[in-house]
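# Reading the structure
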Protein chains: 2
Amino acid sequence: MIKIAIDAMGGDFAPAAQVQGAVLALEKAKDFSVVLVGDEEKIRRELSGLKYDSSRVEIVHAPDVITNDDVPTKAVRTKRDSSTVVAFELLKEGRADALVSSGATGAVLTAAVLILGRIRGISRPALCPRIPNLRGTGTLLCDCGANLECKPVNLVHFAMMATAYAQAAYGMKSPKVGLLSNGTEDHKGDALHQESNALLRELSCIDYAGNVEGRDIMVGDVDIVVADGFTGNIALKSIEGCGKAISGIMKREFKKNLFSKLRAAIVYDVIKNIKKSADYETMGGAMFLGLKKAVVKAHGNSKPAGFAVCVGQAVDVVRGDMVGRIEKMLKIAQPEETAAPAEKAASGVSAPSEAAGPENEGGNA
Amino acid sequence: MIKIAIDAMGGDFAPAAQVQGAVLALEKAKDFSVVLVGDEEKIRRELSGLKYDSSRVEIVHAPDVITNDDVPTKAVRTKRDSSTVVAFELLKEGRADALVSSGATGAVLTAAVLILGRIRGISRPALCPRIPNLRGTGTLLCDCGANLECKPVNLVHFAMMATAYAQAAYGMKSPKVGLLSNGTEDHKGDALHQESNALLRELSCIDYAGNVEGRDIMVGDVDIVVADGFTGNIALKSIEGCGKAISGIMKREFKKNLFSKLRAAIVYDVIKNIKKSADYETMGGAMFLGLKKAVVKAHGNSKPAGFAVCVGQAVDVVRGDMVGRIEKMLKIAQPEETAAPAEKAASGVSAPSEAAGPENEGGNA
């Protein structure tokens, strides 16, 4: 049976949202169990009011918490009793198959690399959120902030890893991949993007559609948008801001006066559907790709329903063998550059935590 | 009297939208006149159905058109009878004070640099659209695609130029400036952004608020967001795509069935107000900053009302002495680097046209 480790103490509404979310997820599928990692007493208190199959819920005590105020690398090394560190240790020891955490992003990324470790051949794991799009299929944006400065080989890996993720979790046989640039023509972009575009064109294990623009993230026909972490982060947050602004404008206009308020009530269900279509909570968390096991970074302010989606996502990628698919693709593609830099970079484990601040939650509008 | 040159032949609905837009703008203020540049017969035909003060409208014949299919540098050198080239010649000769064009972006940027020329001390002119925001004040994003690769001094110039623009056109005494990065802390960003942030902190002629994130473009409290052209372009188009997607989702939900359609009619005016608040057409065109005179790049698919806003914008920055303000700021700030690289770069005039493709329309969602 698939076993999912839950970092129950990280996030704005921990452990309530995490425990309730895990139980919600258990109701939706029968082929997995969860290990709730955190303060045992608090977790038991949360569980006491819920109905669940106790044979599918295990608790591992970890009283400490890593917060957004902690320095990630230091916290991971010193807070050995924290829920995040203990949960990753379970993964490493083979006592769980995947992990879901809504804890501090920097700490999760750092613990993932330091404790769990990277897939051999991958030098730069990447954070990959799923963004709502007009088609309703969700667009994967990889990387959105784990790697500030990238080399072409990193972007090639992002494309392969996101492809494996889309195949394993969303059943896409041949997801279409685009490279985020300032125009669709091959000559667009700086040296990094031009070289990456050329390498991606040669890659046979992915379905590459060429350069795409920012607007294609939400209205285009690609399933995956590959970006360096800096650009991906700007795109993700620009979209987040746009969604917030439009939602704020809608609220303002519908609350303007009594007449508009009355009419808002009349179209309540339509507005609810619009919000749902554009809501990132329904999209799940950001997949942290390139690690030896699946790690889902849930939004820091996840509520039970949103967290349950993330748990389901973790189960899906284990079922679909995402990590195995990535390893297989690496073997097929095997660009000579892949192995060497990965080994060299193995000492620079603090890199992801530097680039991805606590605000890179991997969520969006 | 202020005189605005109108490139009447560029754009999807030329010359109708341009001629009608110019006449609309003339109705709104009395202190300026226009020079319509383009095919005289076609312009006269458009004018014949309109009511306007003929003493405020001049026509300069220019039969040729530069299209999106032309190579900008070549077209500007060979199509000497095109409306774009002739309009810029008028500016250069002092026969007009500012120019509005909805022609091919690459051609407009190239003609601006080649014919009109840069302000002394500015090596990289920048394209600066105004993006709707939650506060309703509009956020200036500078640069959004004219300069693919930037140096810190360029970003400093962008901040100064956009400040002068905000002061001249929108009466902001001390517009707040942010630098687009992947987090707000000073250590965020790559070398370019860290150095730029440090330089901007020392600049006394602007009100610098530090690093901002993508979401701050539409929901933050800065008036100006400074970005390298690549990142700015990604942000702008990501926002554009988000707006289009949400608008598409709204349309879909309200047209789902007869009941939702009926209710859409009931909230028609509210939806119209929401759209208006988020509509870039009401925001005007992108200001092309750093040239000896004001140049407004209107959206390629401008309609009369949107084009009229752009003409008004051109009048505003002439009235507010935007170019004089930029020159004054350069003298005050005078970082030693500014003069030399500008002169050196003077030969690289094709740069803007390379970076800003025909799709960098400077509009947004």
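Residues numbered from 1 in each chain as written. Chains lettered and ligands numbered in written order. Predicted model: local features only at pLDDT ≥ 70, side-chain atom pairs only at ≥ 80, totals over all residues. Heavy atoms only, no water.

### Focus on the overall build of chain A
- Counting its regular elements, chain A contains 15 helices and 12 strands.
- Expected size for 365 residues packed as a compact globule is a radius of gyration near 21 Å; at 20 Å, chain A falls within 12% of this value.
- A buried classification covers 63% of the 365 residues belonging to chain A.
- For chain A, restricting intrachain contacts to residue pairs at least 6 apart in sequence, the fraction spanning at least 24 positions comes to 75%.
- A total accessible area of about 13,600 Å² is found for chain A, and carbon and sulfur atoms account for 51% of it. (Helix = DSSP H or I, 4+ residues; strand = E, 2+ residues; numbered from the N terminus. Rg over C-alpha atoms; globule rule 2.2 N^0.38 Å. Buried < 20%, exposed > 50% of the residue type's maximum accessible area, 1.4 Å probe, protein only. Contact = heavy atoms within 4.5 Å. Areas by Shrake-Rupley, 256 points an atom, 1.4 Å probe, with all protein chains shown as cover.)

### A closer look at the environment of T105 of chain B
- For T105 of chain B, the location among the structural elements is in helix 5 (residues 105-116).
- Here the alpha-carbon distance between T105 of chain B and A298 of chain B, two residues 193 residues apart in the chain, equals 9.1 Å.

### Here we look at the pattern of salt bridges
- Taken as a whole and assessed by the stated rule, the structure comprises 36 salt bridges over all chains.
- When the shortest N-O distance is used, the salt bridge between R252 of chain A and E253 of chain A registers 3.6 Å.
- Taking relative accessible area as the criterion, R252 of chain A reaches 38% and is therefore assigned partly exposed.
- With relative accessibility at 5%, the residue E253 of chain A sits in the buried group.
- We note a salt bridge from D316 of chain A to R319 of chain A, for which the minimum N-O separation is 2.8 Å. Of this pair, D316 of chain A and R319 of chain A are both found in helix 12 (residues 304-319), 3 residues apart, which corresponds to roughly one turn of the helix.
- Note on D316 of chain A: relative accessible area 27%, which makes it partly exposed.
- Linked by salt bridges that have partners in common, E213 and R215 of chain A together with K237, E240 and K244 of chain B make up one network. (Salt bridge = Lys/Arg side-chain N within 4 Å of Asp/Glu carboxyl O.)

### Here we look at the sheet that holds strand 4 (residues 98-101) of chain B
All names here are of chain B.
- A sheet is described by the order of its strands in space; here 7 strands give the open sequence 3-2-1-4-12-11-5, paired in mixed fashion. For this open sheet the edge positions go to strand 3 (57-61) and strand 5 (126-128), each flanked by a neighbour on one side alone. Averaged over all pairs of adjacent strands, the angle between their axes in this sheet comes to 25 degrees, without regard to strand direction.
- Helix 4 (residues 83-92) contacts strand 1 (2-7), strand 2 (32-38), strand 3, strand 4 and strand 12 (294-297) of the sheet and is inclined by roughly 145 degrees relative to strand 2.
- Where helix 12 (residues 304-319) meets the sheet, its contacts fall on strand 1, strand 2, strand 4, strand 11 (286-289) and strand 12, and the angle it forms with strand 1 comes to roughly 145 degrees. (Pairing = 2+ DSSP bridges. Axes fitted to C-alpha atoms, helices over the stretch in contact; angles between N-to-C directions.)

### Structural notes on the nonpolar core
- Formed by 116 residues in total, the largest nonpolar core has its most connected members in F88, F288 and V295 of chain A together with F88, F288 and V295 of chain B.
- With sequence-adjacent residues up to four places away left out, V295 of chain A is seen in contact with F88, L91, L99, V108, L116, A286, M287 and F288 of chain A.
- Counting 66 residues, the second largest nonpolar core, distinct from the first, contains A29, I43, V177 and C310 of chain A. (Core = buried A, V, L, I, M, F, W, Y, C linked by side-chain atoms within 4.5 Å.)

### Quick word on the state of the cysteines
Residue and element names in this part refer to chain B.
- Within the structure shown, the criterion is met by 0 disulfides over all chains.
- With no disulfide of its own, C144 lies closest to C128 among cysteine sulfurs, the gap being 7.8 Å.
- You can see C150 has no disulfide; the closest cysteine sulfur is in C142, sitting 9.4 Å from it.
- By relative accessible area, which is 13% here, C150 ends up buried. (Disulfide = S-S within 2.5 Å.)

### Describing the relation of the copies chain A and chain B
- For the pair chain A and chain B, the best superposition has an RMSD of 0.0 Å and corresponds to a rotation of 180 degrees with a translation of 0.0 Å parallel to the axis. Such a combination of turn and shift is consistent with a two-fold rotation axis.
- The share of interface residues of chain A whose copies in chain B are also at the interface is 98%, consistent with both copies meeting through the same surface. (Least-squares fit on C-alpha atoms with pLDDT ≥ 70 in both.)

### Re the sheet that holds strand 11 (residues 286-289) of chain A
All names here are of chain A.
- If you trace the 7 strands from one edge of the open sheet to the other, you get 3-2-1-4-12-11-5, paired in mixed fashion. Pairing within the sheet leaves two strands with one partner each, and these edge strands are strand 3 (57-61) and strand 5 (126-128). Neighbour to neighbour, the strand axes of the sheet diverge by 25 degrees on average, direction disregarded.
- Pairing of strand 2 (residues 32-38) with strand 3, which is carried by 5 bridges, proceeds in the parallel orientation. Among the inter-strand pairings, L36 is bridged to a residue of strand 3, identified as I59.
- Together, strand 4 (98-101), strand 5, strand 11 and strand 12 (294-297) form the strand contacts of helix 5 (residues 105-116), whose direction differs from that of strand 12 by roughly 170 degrees.

### Overview of helix 9 (residues 229-254) of chain A
- Its 26 residues give helix 9 of chain A an end-to-end C-alpha distance of 37 Å, which sits within 8% of 38 Å, the value for a rise of 1.5 Å per residue.
- The buried fraction of helix 9 of chain A is high, at 21 of 26 residues. (Expected span 1.5 Å × (residues − 1).)

### Description of the packing of aromatic side chains
Residue and element names in this part refer to chain B.
- Following the criterion strictly, the structure yields 2 aromatic pairs over all chains and no others.
- Over the face of the ring belonging to F32 we find R56, whose NZ or CZ atom lies 5.5 Å from the ring centre.
- Sitting over the face of the ring of Y170, R130 holds its NZ or CZ atom 4.0 Å from the ring centroid. (Phe/Tyr/Trp six-rings, centres within 6.5 Å; stacked < 30°, edge-to-face > 60°. Lys NZ or Arg CZ within 6 Å of the ring centre and 35° of its normal.)

### Looking at the packing of helix 4 (residues 83-92) of chain A against helix 5 of chain A
Residues and elements named next belong to chain A.
- Between helix 4 and helix 5, the least distance of the axes is 9 Å, while the angle of their chain directions is 35 degrees. Helix 5 is crossed by helix 4, and the crossing has right-handed handedness. Of helix 5, the residues touching helix 4 (which contributes T84, V85, F88, E89, L91 and K92) are A107, V108, A111, A112, I115 and L116.
- Taken together, the residues of the contact of helix 4 with helix 5 sort by class into 9 nonpolar, 1 polar and 2 charged. (Left-handed = near helix turned anticlockwise from the far one by under 90°. Nonpolar A, V, L, I, M, F, W, Y, C, P; charged D, E, K, R; others polar.)

### Looking at the confidence of the model for chain A
Residue and element names in this part refer to chain A.
- When pLDDT is averaged along chain A, the result is 90; 91% of the residues meet or exceed 70.
- Throughout residues 337-365 the model reports pLDDT below 50, and contacts reaching past four residues in sequence, or to other chains, amount to 78 contacts.
- We note a pTM of 0.89 for the whole complex and an ipTM of 0.87 for its interfaces. (pLDDT = per-residue confidence, 0-100.)

### Looking at the interface of chain A and chain B
- In this assembly, 54 residues from chain A lie in contact with 53 residues from chain B.
- Counting every contact that joins chain A to chain B gives 6 salt bridges.
- Among the salt bridges present, the one from D269 of chain B reaches R263 of chain A, with a minimum N-O distance of 2.7 Å.
- The set of elements that each furnish at least two residues to the side of chain A that touches chain B consists of helix 8 (216-219), helix 9, helix 10 (258-266), helix 11 (268-277) and helix 15 (351-355) of chain A.
- Here the element with the most residues in the side of chain A that touches chain B is helix 9 of chain A; it accounts for 21 residues.
- Of the residues that constitute the side of chain A that touches chain B, the class distribution is 22 nonpolar, 17 polar and 15 charged.

### Some thoughts on the environment of A168 of chain A
Residues and elements named next belong to chain A.
- Mapped onto the elements, A168 comes out in helix 6 (residues 152-170).
- Separated by 136 residues in sequence, A168 and P304 have C-alpha atoms that sit 24 Å apart.
- For A168, the contacting residues outside a window of four places in its chain are D316, V317, G320, D321, M322 and R325.

### Considering the pairing of strand 12 of chain B
All names here are of chain B.
- Burial along strand 12 is two-sided: A294 and V296 and V295 and K297, pointing in opposite directions, are all buried.
- Across 4 bridges, the pairing between strand 4 and strand 12 is parallel. Within strand 12, the position partnered with V100 by the bridge is V296.
- With 3 bridges connecting them, strand 11 and strand 12 associate as antiparallel partners. Looking across to strand 12, one finds that F288 is bridged to V295.
- Between the end of strand 11 and the start of strand 12, which pair antiparallel, lie 4 residues, with G290 showing a positive phi angle near 110 degrees.

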